[in-house]
Amino acid sequence: MKRIFTFFFSLIFTTASFAQIGGGWDWAYNTGSISHDTKYIGYNANGDMLIVASTNAASYLGGTTVTVPDIAPNTPGQQSYLAKISATGTTTIIRSFLNPYFTFNVATTDAVGNFYVGMGYSAFGGVPINLGNGVTLDGLTKAAIVKFSPTGVALWAKSFDLGVTHVPNITANLEVLKIAFSAAGNIFFVAAANNLTSSPSRFSIIKLDGNGNTLWTRYSSVTLITQAANYNKDKFIDNDENVYLAAYTSATSIVFNGETVTAPSVTLDSPAYSFYMSLDGNGNKRWSNGFRGVISNLVVDKL
């Protein structure tokens, strides 16, 4: 059985990924700032290791180097890419994008090796972001889910404003925090709007079908902060499409999809309140709870 081991530390500026062919650990590590990030490593049905990463310096994958050119003098570019290391150790950069206006946030794959990537973006100057194959993204301050084929061809892209209206000169970021592909062929993702003071859907859970059509949306009216290491960002649903979510906030209660969930009143030093809940595959709440303190992570075994 293949195992994935990911660890993070800050020393120099690089992203790297390695595969030990014939068993053992497959692993990736990030060093430096948040601009150097391994978003996902997983496997297709052939045992090839699939990698989604982003960097503004250089990446090293099994002996292959990805170097990012400057977009202007003394202005580093931001490169997001899809890569594969075959079961025999051959590294292939499947697709790469040099664009300062978007970066991949999260990713997952299906059994045949299609990539599903979540990101926040802004298409400035009214110029759409061209992903190739007639697939584009336009608009300002949006989140998007993009499906790429195993060879890196963009198949479709869907954008979401999460109820946020772009305001000039106001810094606002939409970010996809988690994404998962279900056994039934649907896509689930969690997205949030940051640095906003008045948004009706600041934290959303959305289900799409295999063609990117929205099946349902559930949201919280209070800012929630999710905690999840990179290697857990596609592990929040089970094989029955039940969704599990854990997050924390400074509020003592949240309104999630019109229903109030309150944390118990406990005298503790922690200023944070955590909430955890589960939805079924139709978006209906199964259960929820809250407590005083911080949830550091949540992993779901797909059983």
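Model, not experiment: these values are computed from the prediction. One numbering rule holds for all chains: residues counted from 1, following each sequence as written. Reporting in this predicted model follows two pLDDT cut-offs: at least 70 for local features of residues, and 80 or more for side-chain atom pairs to be given and counted; totals over whole chains, interfaces and linings ignore these cut-offs and use all residues. Heavy atoms throughout the structure, all of them, feed into the side-chain values; hydrogens and water do not.

This part is about the pairing of strand E10 (residues 79-85). Any residue under 20% of the maximum accessible area for its type is buried, any over 50% is exposed, and the rest in between are partly exposed; the area is computed with a 1.4 Å probe on protein chains only. Numbering of helices and strands starts at the N terminus; helices are DSSP runs of H or I of at least 4 residues and strands are runs of E of at least 2. Counting buried positions along E10 gives six out of seven residues, so the element sits mostly inside the fold. Note on pairing: DSSP must find at least two bridges between two strands before they are called paired. Pairing of strand E5 (residues 49-55) with E10, which is carried by seven bridges, proceeds in the antiparallel orientation. Across the sheet, Val 52 pairs through a bridge with Leu 82, a residue of E10. The sheet contact formed by E10 and strand E11 (residues 91-98) spans seven bridges and is antiparallel. Paired with Lys 84 across the bridge in E11 is Thr 92. Counted along the chain from E10 to the antiparallel partner E11, the turn is five residues long, and its residue Gly 89 has a positive phi close to 95°.

Spatially, three strands are ordered E22-E25-E26 in an open sheet, and the strand pairing comes out antiparallel. Pairing within the sheet leaves two strands with one partner each, and these edge strands are strand E22 (243-249) and strand E26 (285-292). Between one strand axis and the next, the sheet turns through 15° on average, direction left out of account. The axes used here are C-alpha line fits, helices contributing only the stretch in contact, and every angle between their N-to-C directions lies in the interval 0 to 180 degrees.

So, about the environment of Leu 174. Along the polypeptide, Leu 174 turns up in strand E18 (residues 173-181). Remark: the alpha-carbon pair of Leu 174 and Ala 193, spanning 19 residues in sequence, is separated by 4.5 Å. Any pair of residues with heavy atoms lying within 4.5 Å of one another is described as a contacting pair. Leaving out residues up to four positions away in the same chain, Leu 174 has contacts with Asn 105, Gly 120, Thr 141, Lys 142, Ala 143, Phe 160, Asp 161, Leu 162, Val 164, Ala 192 and Ala 193.

Classification of ring pairs uses Phe, Tyr and Trp, with its six-membered ring standing for Trp, and accepts pairs whose centres are within 6.5 Å; under 30 degrees between planes counts as stacked, over 60 as edge-to-face, and the remaining range as tilted. Considering all chains together, one arrives at eight aromatic pairs under this definition. Taking 4.9 Å as the distance between ring centres and 25° as the angle between the ring planes, the aromatic pair formed by Tyr 116 and Phe 181 counts as stacked. A residue pair is termed long-range when its members are at least 10 positions apart, and Tyr 116 in strand E13 (residues 115-121) and Phe 181 in strand E18 qualify at 65 residues. Phe 181 carries the same exposure label as Tyr 116, and that label is buried. Pairing Tyr 244 with Trp 287 gives two aromatic rings, centres 6.3 Å apart and planes at 50°, and the pair type is tilted. Here Tyr 244 is found in strand E22, whereas its partner Trp 287 is found in strand E26, with 43 residues between them in sequence. You can call Tyr 244 buried: its relative accessible area is 18%. Counting every residue linked through ring pairs, the aromatic cluster contains Phe 97, Phe 104 and Phe 148.

This brings us to the confidence of the model for the protein. Residues shown with low pLDDT carry predicted positions that ought not to be read at fine detail. Per residue, pLDDT captures the predictor's confidence, and it can take any value from 0 to 100. For the protein, the mean per-residue pLDDT works out to 76, and 71% of the residues sit at or above 70. Looking at the elements of the protein, mean pLDDT is at its lowest for strand E1 (residues 3-8), recorded as 35, and at its highest for strand E17 (residues 154-160), recorded as 96. Across residues 29-34, confidence stays below pLDDT 50; counting only partners more than four residues off in sequence or on other chains, it has 27 contacts. In the model, residues 197-201 has pLDDT below 50 throughout and makes twelve contacts with residues more than four positions away in sequence or in other chains.

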